[in-house]
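What follows is each chain in one-letter form.
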Amino acid sequence: MTEQIPAWVGDTLTPIDKLEVHRKGLRHKAVSIFVMDGEKVLLQRRAPGKYHSAGLWSNTCCTHPHWGERPEHCAIRRLKEELGITGLYPAHADRLEYRADVGNGLIEHEVVDIYLAYAKPGMIIAPDPDEVSDIRWVGLYDLAAEVRRHPERFSQWLAIYLAAHMDRIFGTLVRA
């Protein structure tokens, strides 16, 4: 069975096959999480087998909620599934909408709930190799500069978040 995600058909939220949603560029629900350690953010490099944006660096994790799943529960679930991270309770930072061509005839048109979570000392990170090929911590300002210099290394949504919404997402962290 293929995975179905919440997408809008006209004004009606409907469960639709994930690949069909991206082929048609349908507006759909998503969740993005940034795990922070001070002003450093945990990035993941998407695994080579991902159906889009494979091999690109992105925020800690991002996904689509299951039908009927609350975004905050989705955030906790995906931290565990993608990175083996447990015991964090992400805080809602913002809700954004964006549309981006992610290659191979696929389009992300997401209404995305963005969460921040703060790393705990000794936190275990155990990436699922089917989801994540590498991880790294990088300072938020260094990341923003790197994305501007080398956008081809990063997911479209991460570039959009940092270029257009950094202050909204990171709030007091950016103003500090």
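Nothing here was measured: the structure is a model prediction, and the numbers come from that model.

Visitor: Explain the overall build of the protein residue by residue, including any values.
Guide: Scanning the protein from terminus to terminus reveals six helices and nine strands. A compact globule built from 176 residues should have a C-alpha radius of gyration of about 16 Å, and the protein, at 15 Å, falls within 12% of that. Looking at the protein as a whole, 48% of its 176 residues qualify as buried. Of the contacts formed within the protein by residues at least 6 apart in sequence, a portion of 62% connects residues at least 24 apart. Accessible surface, the protein as shown: approximately 8,700 Å² in total, 52% of it carbon and sulfur. Each charge class in the protein can be summarised by its mean position, and for the 22 positive and 24 negative side chains these summaries are 1 Å apart.

Visitor: I'd like a description of the state of the cysteines, backed by residues and values.
Guide: Under the counting rule described, the total for this entry stands at zero disulfides. Here Cys 61 is not cross-linked by a disulfide; its sulfur's nearest cysteine counterpart is in Cys 62, at 6.9 Å. Overall, Cys 61 belongs to the buried group, its relative accessible area being 0%. Not engaged in a disulfide, the cysteine Cys 74 finds its nearest cysteine sulfur in Cys 61; these two sulfurs lie 8.2 Å apart.

Visitor: Describe the packing of aromatic side chains, with residues and values.
Guide: Following the criterion strictly, the structure yields three aromatic pairs and no others. Measuring from centroid to centroid gives 5.0 Å for Phe 34 and Phe 170, while their planes differ by 75°, and the two rings are edge-to-face. Note that Phe 34 is positioned in strand β3 (residues 27-37) and Phe 170 in helix α5 (residues 166-170), a separation of 136 residues in sequence. Relative accessible area serves as the criterion here: at 3%, Phe 170 is assigned to the buried category. Seen in terms of ring centroids, Tyr 98 and Tyr 161 are 6.1 Å apart; in terms of plane orientation they differ by 90°. Their pairing is edge-to-face. Linking Tyr 98 in strand β7 (residues 91-103) with Tyr 161 in helix α4 (residues 156-164), this pair joins segments that are 63 residues apart in sequence. Classification of Tyr 98 by relative accessible area gives buried; the value is 6%. Here the aromatic residues Phe 34, Tyr 98, Tyr 161 and Phe 170 are joined through ring pairs into a cluster of three or more. The lysine or arginine in question, Arg 27, covers the ring of Trp 8, its NZ or CZ lying 4.4 Å from the ring centre. Arg 136 extends its terminal NZ or CZ atom over the ring of Trp 57, reaching a point 4.7 Å from the ring centre.

Visitor: Tell me what's going on with the side chain of Thr 63, and back it up with residues and numbers.
Guide: Position of Thr 63 among the secondary structure elements: in strand β6 (residues 61-63). Here Arg 78 takes part through its side chain, which lies 3.5 Å from a polar atom of the side chain of Thr 63. Filtering out sequence-adjacent residues up to four positions away, Thr 63 remains in contact with Ala 30, Val 31, Cys 74, Arg 78 and Glu 82.

Visitor: Describe the side chain of Glu 69, listing the residues and the values that go with them.
Guide: Along the chain, Glu 69 turns up in the loop between β6 and α2 (71-83). With near-sequence residues (within four places) excluded, Glu 69 lies in contact with Cys 74 and Arg 77.

Conventions adopted
- Residues numbered from 1 in each chain as written.
- Predicted model: local features only at pLDDT ≥ 70, side-chain atom pairs only at ≥ 80, totals over all residues.
- Heavy atoms only, no water.
- Helix = DSSP H or I, 4+ residues; strand = E, 2+ residues; numbered from the N terminus.
- Rg over C-alpha atoms; globule rule 2.2 N^0.38 Å.
- Buried < 20%, exposed > 50% of the residue type's maximum accessible area, 1.4 Å probe, protein only.
- Contact = heavy atoms within 4.5 Å.
- Areas by Shrake-Rupley, 256 points an atom, 1.4 Å probe, with all protein chains shown as cover.
- Lys, Arg positive; Asp, Glu negative; His and termini not counted.
- Charge placed at Lys NZ, Arg CZ, Asp CG, Glu CD.
- Disulfide = S-S within 2.5 Å.
- Phe/Tyr/Trp six-rings, centres within 6.5 Å; stacked < 30°, edge-to-face > 60°.
- Lys NZ or Arg CZ within 6 Å of the ring centre and 35° of its normal.
- Polar contact = N/O pair within 3.5 Å; in protein donor to acceptor, adjacent residues only side chain to side chain.

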